[in-house]
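# Structure assessment
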Amino acid sequence: MILDVVRHKFYEGLLVLLVATLVLSVMLLATDVPLCGGMAGSIAPLGASLGFVDTMPRLLGVPIIAVLYFASVLIAARATLRVSLYPVVTMAPLALFALVLLPAIVVESPMRQAIVALLFALSLSHMLRLFGPRASAVDLFGAMLAAGTMPLVDISLVAIPVAVALAIIAARATLREATIVVGGMLLPLFIYCYVEWCSGGSFGDTALAMWRDVAASAAVSPLELITIPRLIFLGVVIFVQTMASIFYATEQELNSSAARGVWRSAHLLLVVAIASIVALPSASASLIVVVTMISVVMQPLFF
């Protein structure tokens, strides 16, 4: 039964997640890959401040990454159950998130990737609730607050909160909700600029630097990180995602109206994330984390 992903019970999916978390921890402890390598000179303000992780004991840093990874998978998988996203009730996302997100976390700077995964999982969780019967302004603001924080961790994610905002506004197009969306998206940057100003700096320097350096070349391009095993993994993800999209397009009558709204938003986010990898010189491996998480939301339809 453990290989029958569609009929997974919760404890089976949780077992897969626990094993994946253990594998992640062993991989990071057994190698000397810097947990935040290349982040000391990061343009993103919060990304630069995380450079201290490389100086802490590895036995302390790795458990933190493992906990962030574990929480990200649980939050994202739980979010898919709140909306009738698939024709049948399934725990498949729990195992799929664990298996697909694991290679993306260890590609480069695992601490940054884990934080990005957690932020996107929180944003995704609030965003999916907006398509359910109990949508509220709290979910609207929470989705944009988490998404708006992501560019502060990695500048290459600047297009993601904009895409999330467009998806939400398209689904809930009222002036009040559009105001909440824009406010939630800009609040993290405003708070950081305010703290910097209180510390004696200029209020707008961080925002101007981020805007200017979006076009700056990243130290390591995502394409430079591709190896044969990673290429095979990417090929499998692309194949499953393509088939899931085809099944969605041909069998829309099996999906609820809420599910169709989620799928349209997921496809929009996927296109924006892939376009960012291709078009932005500052693109980093964090975009791979976002792409895999969006893809996993749709992949259970293939099975």
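Read on for an overview of the structure. (Residues numbered from 1 in each chain as written. Predicted model: local features only at pLDDT ≥ 70, side-chain atom pairs only at ≥ 80, totals over all residues. Heavy atoms only, no water.)

### Some points on helix α3 (residues 58–82)
- In this model, α3 (25 residues) spans 37 Å end to end at C-alpha, consistent with the 36 Å of a helix rising 1.5 Å per residue.
- Three or more residues of α3 are buried, namely G61, V62, I65, A66, L68, Y69, S72, V73, A76, A77, A79 and T80. (Helix = DSSP H or I, 4+ residues; strand = E, 2+ residues; numbered from the N terminus. Expected span 1.5 Å × (residues − 1). Buried < 20%, exposed > 50% of the residue type's maximum accessible area, 1.4 Å probe, protein only.)

### Some thoughts on the packing of aromatic side chains
- Scanning all chains against the criterion turns up two aromatic pairs.
- The interplanar angle of 15° and the centroid separation of 6.5 Å between the aromatic rings of F190 and Y194 together place this pair among those described as stacked. Taken together, the residues span about one helical turn, with F190 and Y194 both in helix α8 (residues 175–198) at a distance of four residues.
- Seen in terms of ring centroids, Y194 and W197 are 5.8 Å apart; in terms of plane orientation they differ by 45°. Their pairing is tilted. One end of the pair, Y194, and the other, W197, are both in helix α8, three residues apart, so they sit about a helical turn from each other.
- Since its relative accessible area comes to 41%, Y194 is described here as partly exposed.
- Classification of W197 by relative accessible area gives partly exposed; the value is 47%.
- Following the ring pairs from residue to residue traces out a cluster consisting of F190, Y194 and W197. (Phe/Tyr/Trp six-rings, centres within 6.5 Å; stacked < 30°, edge-to-face > 60°.)

### Re the environment of C36
- With respect to the element layout, C36 can be found in the loop between α1 (10–30) and α2 (45–49).
- With 76 residues separating them along the chain, C36 and R112 place their C-alpha atoms 6.5 Å apart.

### Examining the pattern of salt bridges
- In the structure shown here, the tally under the stated rule is two salt bridges.
- R112 is the salt-bridge partner of D154, the closest N and O atoms lying 3.6 Å from each other. In this pair, D154 sits in the loop between α6 (137–153) and α7 (159–171) while R112 sits in helix α5 (residues 110–129), placing the two residues 42 residues apart along the sequence.
- The partner of R129 in a salt bridge is D139, with the nearest N and O atoms 3.0 Å apart. Taken together, the positions of R129 in helix α5 and D139 in helix α6 put the pair ten residues apart, joining distant regions of the chain. (Salt bridge = Lys/Arg side-chain N within 4 Å of Asp/Glu carboxyl O.)

### Here we look at the environment of D154
- On the accessibility criterion, D154 (4% relative accessible area) is buried.
- It is 9.1 Å that separates the C-alpha atoms of D154 and L287, two residues lying 133 residues apart in sequence.

### Observations regarding the nonpolar core
- If you look at the biggest cluster of nonpolar residues, it comprises 77 residues, and the most contacted ones within it are Y69, L101, I160, I168, V290 and M293.
- With residues up to four places along the chain from it excluded, the contact list for I160 reads F120, M150, L269, A273, L287 and V290. (Core = buried A, V, L, I, M, F, W, Y, C linked by side-chain atoms within 4.5 Å. Contact = heavy atoms within 4.5 Å.)

### As for the packing of α5 against α7
- For the pair α5 and α7, the least separation of the axes is 12 Å and the interaxial angle reads 5°. In this view, α5 runs roughly parallel relative to α7, as classed from their interaxial angle. Packed against α5, whose contacting residues are F120, S123 and M127, the element α7 presents I160, V164, A167 and I168 at the interface.
- Partitioning the contact of α5 with α7 into residue classes produces six nonpolar, one polar and no charged. (Axes fitted to C-alpha atoms, helices over the stretch in contact; angles between N-to-C directions. Parallel < 35°, antiparallel > 145°, perpendicular 65-115°, else oblique. Nonpolar A, V, L, I, M, F, W, Y, C, P; charged D, E, K, R; others polar.)

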